[in-house]
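# What the coordinates show
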Amino acid sequence: MVEFDAIYAIWLREAKVYIREKERVIASIVSPLLWLFVFSAGVGGTVTVGETGYQAFVFPGILAMSILFVSFFYGLYIIWDRKLDFLKEVLVAPASRSSIFLGKAFGGMTDAMVQALVLLAVGAVFIMPLGPLQVIYLIPVLLLTSFSTASMGLFMGAKMRSQEGFALVSNLVMWPMFFFSGALFPLENLPGYLKDISLIDPITYAVDAIRVVLLGSGAFPLYYDVGVLCVFAAITGGMGLLAFGDLQQAK
Amino acid sequence: MKSANQADSGEDAIKTSGLTKRFNSTVTAVDSLNLEIKKGEVFGLLGPNGAGKTTLISMLCTLLHPTSGTATVAGLDIRSEPSKVRKEIGIVFQEPSVDDLLTGRENLDLHGMLYKMKPEDRKKRIAEMLALVELTDRADDLVRTYSGGMRRRLEIARGLMHRPKILFLDEPTLGLDPASREHIWAHIKRLSEEYGTTMVLTTHYMEEADRLCSRIGIIDKGKLVVIGTAGELKEKVGQDIVRLRGEVDLGKLRKLKFVKKAKMDKEGMVDVTMTNAAKNLQTLLDACGKLTSVQVREVTLNDVFLHYTGRDIHREEEEEGEGSWADRVMQWSGQRG
Ligand SMILES: Nc1ncnc2c1ncn2[C@@H]1O[C@H](COP(=O)(O)OP(=O)(O)OP(=O)(O)O)[C@@H](O)[C@H]1O
Ligand SMILES: [Mg+2]
């Protein structure tokens, strides 16, 4: 049961709110740029990875990271909506809960994609050349990643009541997902047990897929990465749908 | 859980059976409530703070799962068919739930889209509603810049906009100025008369309940205490209240058969609730000693409310009772001033 008007209505609201909160837009663009130019340039001066150089190596990782963080933290706005009491207006409407969930997820994906596109543009100018074909391959990978992580965030937002609790748990979830994903260093260098953890981290496959598209080589073939991401999206999407189906108004 | 009474609830817009909501096992907000509200009725739900009015409405609107029992709304079971119920209802929340970062018009437009109204309908109805709540000239400002009463009015406009069959109004006119309140009242009356909309209205303004509601139910601590038309309720309490000052023997007055209740307040005034003062006043006065003041007035819904929910009922036994918190505040401020 999916209604396009309802999805559009929710998405439109999210997009408007996003644009109106300037701090949100600025913060979400500044932090990955810091990572890109301060962290990767700094570390790149002391480390060499493969033949591409560290900055090019870490660029896909930072792209994946910003998608992960923006989409996941987007779940926080559910708690915010609940606090503002706006949530119940949406919950009492005849639109199906799956439409509401999808509208919200698309809203989170929009935030993440704005940021990703800014990063890509900056990267294309300063770090590596970027062809149109690469962009065409990249966009579905980025969308898939942000849908999955936004679903995770929305699931948590639907289950939790306090913003502090959300921030705490999401830090516990996101940082390990980021560190084990091979975003900052190649997986081959890791000791065995750390590598095993990396292999069950879905973000590993997002980073790898982006790396395959941008740098032409990765740890796994592209179809494999995308396959894993699809499974990840199906699971998290399902969890989000279930959590929304059961949402109640209580603060 | 199948809605067995879909067929035989033809006349009832809402019917609850044993509806109960318990919060964290200590607070029973709604306690095995059985209530029937007929189609086309404007039903007033009165009760003190924390009586369970909002909780009841939240359950009927499918925003809260009942702990036990169930209800049908428009013949649909709230537990098994919540999404169908949502298609039939509209609600004006007690706490404003409009979005701060959208304009008034955008809030209404979002609402219209969520309720699947066609674009042309939406546009027309939005203009109509904005005019009703007198927000037309502020429609394109962010709600963040509205005053409390303006938010409230936008909230009302939104709840009424899609013309639901059954409308829940949770203290709709709270914090509105008298002119806006009159407007909303007139509109509620029109909705009821022209469209036959069933309405459930909670309020703490007795005048509002008296003017709008065809029937009134008073709930206290999650239970229905009394139900009937405003006239019936007043009659149950007694028709008139006589206020006396002077030499009065309460015991003697209470023996008179037309006296329903007699009590003395802190200042020594005696309130006698009785039937038919026009006929019985002389007998009452004869039963008193020398009086310095006599006032007669009709029972109002306010008296009914206090009678069924206040500490008044117990005060006859425990003459020096605590009184309600409001009494205590008054007393306290009296001592200071
Ligand atoms: N989410 C909740 N968690 C715990 N207790 C709650 C919750 N919501 C309501 N209650 C309790 O349930 C009882 C009924 O509350 P409710 O809001 O239904 O009262 P009300 O009749 O609407 O009061 P008011 O006139 O103040 O609006 C109160 O004791 C309240 O503390
Ligand atoms: Mg309430």
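Residues numbered from 1 in each chain as written. Chains lettered and ligands numbered in written order. Predicted model: local features only at pLDDT ≥ 70, side-chain atom pairs only at ≥ 80, totals over all residues. Heavy atoms only, no water.

## What about the domain arrangement of chain B?
You can read the domains of chain B as domain 1 (12-233 + 313-333) and domain 2 (239-298). A straight line from the C-alpha centre of domain 1 of chain B to that of domain 2 of chain B covers 38 Å. (Domains from an automatic or database assignment.)

## Quick look at the sheet that holds strand β1 (residues 12-23) of chain B
All names here are of chain B. Reading across the sheet, the four strands line up as β2-β1-β4-β5 and stay open at both edges, with antiparallel pairing between neighbours. Because the sheet does not close on itself, it has two edges, and the strands there are β2 (27-38) and β5 (76-77). Relative to β2, β1 runs antiparallel, the two sharing eight bridges. The residue of β2 that forms the bridge with Lys15 is Glu36. (Pairing = 2+ DSSP bridges. Helix = DSSP H or I, 4+ residues; strand = E, 2+ residues; numbered from the N terminus.)

## Some points on the confidence of the model for chain B
Residue and element names in this part refer to chain B. This prediction gives chain B a mean pLDDT of 87; 89% of its residues lie at or above 70. Helix α12 (residues 312-315) is the least confidently modelled element of chain B, averaging 42 in pLDDT, while strand β8 (residues 198-202) averages 96, the highest of any element. Of the regions scoring below 50 in pLDDT, residues 1-9 engages in twelve contacts with residues more than four places distant in sequence or in other chains. Counting contacts from residues 312-322, a segment whose pLDDT is below 50, to residues more than four positions away or on other chains yields 13 contacts. Predicted complex, confidence summary: ipTM 0.87, pTM 0.84. (pLDDT = per-residue confidence, 0-100. Contact = heavy atoms within 4.5 Å.)

## Here's the deal with the site of ligand 1
Residues and elements named next belong to chain B. Contacts to ligand 1 come from 14 residues, most closely from Gly50, Lys53, Thr54, Thr55 and His204. In this structure, Gln94 approaches ligand 1 through a side-chain N or O atom, which is 2.9 Å from an oxygen atom. Between Glu171 and ligand 1, the recorded distance is 3.5 Å, taken from a side-chain N or O atom to an oxygen atom. Surface burial for ligand 1 is 67%, taken as the share of its 640 Å² of free accessible area covered by protein chains. Within the residue set of the shell around ligand 1, elements represented by two or more residues are β2 and α1 (53-60). Sorting elements by how many residues they give to the shell around ligand 1 places α1 first, with three residues. Residues belonging to the shell around ligand 1 are distributed by class as follows: five nonpolar, seven polar and two charged. (Near = heavy atom within 4 Å. Polar contact = N/O pair within 3.5 Å; in protein donor to acceptor, adjacent residues only side chain to side chain. Areas by Shrake-Rupley, 256 points an atom, 1.4 Å probe, with all protein chains shown as cover. Nonpolar A, V, L, I, M, F, W, Y, C, P; charged D, E, K, R; others polar.)

## Description of the environment of Leu102(A)
Residue and element names in this part refer to chain A. In this fold, Leu102 is placed in helix α6 (residues 97-126). Taking the C-alpha atoms as reference, Leu102 lies 6.2 Å from Ile7; in sequence the two are 95 residues apart. Apart from the residues lying within four places of it in its own chain, the contact partners of Leu102 are Val2, Ile7 and Phe147.

## Here we look at the sheet that holds strand β12 (residues 259-264) of chain B
All names here are of chain B. Strand order in the open sheet formed by four strands is β12-β13-β11-β14, and the pairing between neighbours is antiparallel. A strand with exactly one partner marks an edge of an open sheet, and here the two such strands are β12 and β14 (291-298). Direction aside, the axes of adjacent strands within the sheet are offset by 15° on average. Pairing between strand β11 (residues 240-246) and strand β13 (residues 270-274): five bridges, direction antiparallel. Counted as the bridge partner of Asp240 is Met274 from β13. (Axes fitted to C-alpha atoms, helices over the stretch in contact; angles between N-to-C directions.)

## Regarding the coordination of the magnesium ion (ligand 2)
Each protein donor to the magnesium ion (ligand 2) is listed here as Thr54(B) (OG1) and Gln94(B) (OE1); together their distances run 1.8 to 2.0 Å. On the criterion of sequence distance, the pair formed by Thr54(B) in helix α1 and Gln94(B) in the loop between β6 (89-92) and α3 (104-114) is long-range, its members being 40 residues apart. (Donors = N, O, S within 2.8 Å, 3.2 Å for Na, K, Ca; no water.)

## Section: the confidence of the model for chain A
The pLDDT averaged across chain A works out to 89; a share of 96% of its residues lies at or above 70. Element-level mean pLDDT values for chain A span from 80 in helix α2 (residues 22-44) of chain A up to 95 in helix α11 (residues 222-245) of chain A.

## Some points on the pairing of strand β4 (residues 68-73) of chain B
All names here are of chain B. The pairing of β1 with β4 spans five bridges and is antiparallel. Bridge pairing links Ile14 to Val73 in β4. Across two bridges, the pairing between β4 and β5 is antiparallel. For Thr72, the partnering residue across the bridge sits in β5 and is Asp77.

## Regarding the packing of α6(A) against α11(A)
Two packed helices can be described by the angle between their axes and the distance between those axes. Residue and element names in this part refer to chain A. It is the contact of α6 with α11, at a shortest axis distance of 9 Å, that shows an interaxial angle of 125°. The pairing of α6 with α11 is recorded here as oblique in orientation. Handedness of the crossing formed by α6 with α11: right-handed. Note on element contacts: α11 touches α6 through Gly237, Gly240, Leu241, Phe244 and Gly245, opposite Arg97, Ser98, Ile100, Phe101 and Lys104. (Parallel < 35°, antiparallel > 145°, perpendicular 65-115°, else oblique. Left-handed = near helix turned anticlockwise from the far one by under 90°.)

## Brief notes about the interface of chain A and chain B
Every contact between the two is made by 29 residues of chain A and, on the other side, 29 residues of chain B. Together, Glu89(A), Val92(A) and Pro94(A) form the three largest contributors to the area buried by chain A at its contact with chain B, with a combined 25%. Between chain A and chain B we count six salt bridges in total. Here Asp99(B) ties to Arg13(A) by a salt bridge, and the two come within 2.5 Å at their closest N and O atoms. One can count nine residue pairs in polar contact (both at pLDDT 80 or more) joining chain A with chain B. (Buried area = accessible area lost by both parts, 1.4 Å probe. Salt bridge = Lys/Arg side-chain N within 4 Å of Asp/Glu carboxyl O.)

## Quick word on helix α8 (residues 163-179) of chain A
Residue and element names in this part refer to chain A. With 17 residues, α8 ought to run about 24 Å at 1.5 Å a step, and its terminal C-alpha atoms sit 24 Å apart, in line with that. Turning to α8, its buried residues are Gly165, Phe166, Ser170, Met174, Met177 and Phe178. Structurally, α8 contributes buried residues whose contacts are with α2, α3 (54-73), α4 (76-84), α7 (132-159), α10 (202-215) and α11. (Expected span 1.5 Å × (residues − 1). Buried < 20%, exposed > 50% of the residue type's maximum accessible area, 1.4 Å probe, protein only.)

## Some details on the side chain of Thr149(A)
By secondary structure assignment, the location of Thr149(A) is in helix α7. Excluding residues that lie within four positions of it along the chain, Thr149(A) makes contacts with Ile67(A), Leu68(A), Ser71(A), Phe72(A) and Ile203(A).

## Focus: the pattern of salt bridges
Under the defined criterion, the tally for this structure stands at 28 salt bridges over all chains. Across the pair Lys88(A) and Asp85(A) runs a salt bridge, and its minimum N-O distance is 3.3 Å. Accessibility classification places Lys88(A) together with Asp85(A) in one group, the buried group. Linked through salt bridges whose partners overlap, the residues forming this network are Arg13(A), Glu14(A), Asp81(A), Lys104(A) and Asp99(B).

## A look at the packing of aromatic side chains
All chains considered together, the criterion is met by 15 aromatic pairs over all chains. Here the aromatic rings of Tyr54(A) and Phe57(A) are separated by 6.1 Å at their centres, their planes lie at 35°, and the arrangement is tilted. One end of the pair, Tyr54(A), and the other, Phe57(A), are both in helix α3, three residues apart, so they sit about a helical turn from each other. Side by side, Tyr54(A) and Phe57(A) carry an identical accessibility label, which is buried. Directly above the ring of Phe57(A) sits Arg211(A), whose terminal nitrogen or CZ lies 3.8 Å from the centroid. For Arg181(B), the ring lying beneath its charged end belongs to Tyr205(B), and the centroid distance is 4.1 Å. (Phe/Tyr/Trp six-rings, centres within 6.5 Å; stacked < 30°, edge-to-face > 60°. Lys NZ or Arg CZ within 6 Å of the ring centre and 35° of its normal.)

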